[in-house]
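So the chains spell out like this:
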Amino acid sequence: MNFRIGYGYDVHQLEEGRNLYLGGLKIPHSKGCIAHSDGDVLIHAICDALLGAAAMRDIGFHFPDTDPEFKNIDSKILLQKTMNIISDKGYSLVNIDSTICLQKPKIKNYIPEITKTLADIINTDQDNISVKATTTEKLGFIGREEGIAAHAVVLIQKSA
Ligand code: MG
């Protein structure tokens, strides 16, 4: 079996009055991410991890933020497209582990729905998807609520 690991990291700046999307869910909050797309840092980190595992460049290469096609795009579509890219190369997902770094809001109660949303898009079991969250103890740009970051590690395998 041909296993490959991938890692992804993303950051977006927060601004008052924008919608906050995490893992395909709209999370009630006074601030949201500034982005060309919907600014879903978790999905972006996962896409980069998937592409990295397949050695197929990164999310900005496939979905450039200069392309009007991706303006305000739902990142769930980017995840679906990313899965298509790696499955065209013969890969399927084994599992994802991820961490969202944010000071506010508490997202603990949204994790099960985020996990289900991601599993449905990827067409995998919810057991294969782990989403965690942490604050940075009020330190740095995340602690000052200026931005949100996400990290993701994935394992993929060659199907054939
Ligand atoms: Mg991004």
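Residue numbers here run from 1 along each chain, matching the order of that chain's written sequence. Only residues with pLDDT of at least 70 get local features here, since the model is predicted, and only at 80 or more are side-chain atom pairs given and counted; chain-wide, interface and lining totals rely on the full set of residues. Hydrogens and waters are ignored; side-chain quantities use all the structure's heavy atoms.

Draft legend 1. Representation of the overall build of the protein chain within the structure. Along its length, the protein chain carries 5 helices and 7 strands. Secondary structure elements follow DSSP: runs of H or I no shorter than four residues count as helices, runs of E no shorter than two count as strands, and numbering proceeds from the N terminus. For the protein chain, the sequential pattern of α-helices and β-strands runs β-β-β-β-α-α-α-β-α-β-α-β. On C-alpha atoms alone, the protein chain measures out to a radius of gyration of 15 Å, which is about the 15 Å that the 2.2 N^0.38 rule sets for 160 residues. In terms of principal-axis extent, the alpha carbons of the protein chain reach across some 45 × 35 × 25 Å. Accessible area is worked out with a 1.4 Å probe on protein chains only. A residue is then buried under 20% of its type maximum, exposed over 50%, and partly exposed in between. Split into buried and exposed, the 160 residues of the protein chain put 46% on the buried side. By definition, residues are in contact when any of their heavy atoms lie within 4.5 Å. Partitioning the intrachain contacts of the protein chain with sequence separation of at least 6 by distance along the chain shows that 72% fall at a separation of at least 24. Element-wise, carbon and sulfur atoms account for 50% of the exposed surface of the protein chain, whose accessible area totals about 8100 Å². Residues scored as charged are limited to Lys and Arg (positive) and Asp and Glu (negative), so that His and the chain ends carry no count. Here the site of a charge means atom NZ of a Lys, CZ of an Arg, CG of an Asp or CD of a Glu. Here the protein chain carries 17 positive and 20 negative side-chain charges, and the mean point of each set is 3 Å from the other. With the radius of gyration taken over C-alpha atoms, the globule rule is written as 2.2 Å times the number of residues to the power 0.38. Note that accessible areas follow from Shrake-Rupley with a 1.4 Å probe, and for residues the cover is restricted to the protein chains shown.

Draft legend 2. View of unusual backbone geometry. A cis amide bond links Lys104 with the next residue in sequence, Pro105, at an omega value of -5 degrees. Phi is positive for Ala55, close to 55 degrees, though the residue is something other than glycine. Tracing the backbone through its elements, the reader meets Ala55 in the loop between helix H1 (41-53) and helix H2 (59-62).

Draft legend 3. Summary view of the coordination of the magnesium ion. A donor here means an N, O or S atom no more than 2.8 Å from the metal, or no more than 3.2 Å when the metal is Na, K or Ca. Since water is not included, a site may seem to lack partners. Taken together, Asp10 (OD), His12 (NE2) and His44 (ND1) make up the protein donors of the magnesium ion, found 2.2 Å from the metal. Overall, the relative accessible area of 7% leaves His44 in the buried class.

Draft legend 4. Structural detail: the packing of helix H3 (residues 75-88) against helix H4 (residues 111-122). Axis angles are defined between N-to-C directions and span 0 to 180 degrees, where every axis is a line fitted to C-alpha atoms and, for a helix, only to the segment in contact. Axis separation between H3 and H4 bottoms out at 9 Å; the angle between their running directions is 40 degrees. Taken together, the axis directions place H3 and H4 in an arrangement best described as oblique. Pair H3 / H4 crosses with right-handed handedness. For the pair formed by H3 and H4, the contact residues are Lys76, Leu79, Gln80 and Met83 on the first element and Thr117, Leu118, Ile121 and Ile122 on the second. Note on residue classes: Ala, Val, Leu, Ile, Met, Phe, Trp, Tyr, Cys and Pro are nonpolar, Asp, Glu, Lys and Arg are charged, and everything else, Gly too, is polar. Looking at side-chain class alone, the contact of H3 with H4 contains 5 nonpolar, 2 polar and 1 charged residues. Working definition: roughly parallel below 35 degrees, roughly antiparallel above 145 degrees, roughly perpendicular at 65 to 115 degrees, and oblique for all remaining angles. Helix crossings get a hand from a simple test, with the near helix turned counterclockwise from the far one by less than a right angle marking a left-handed crossing and a clockwise turn marking a right-handed one.

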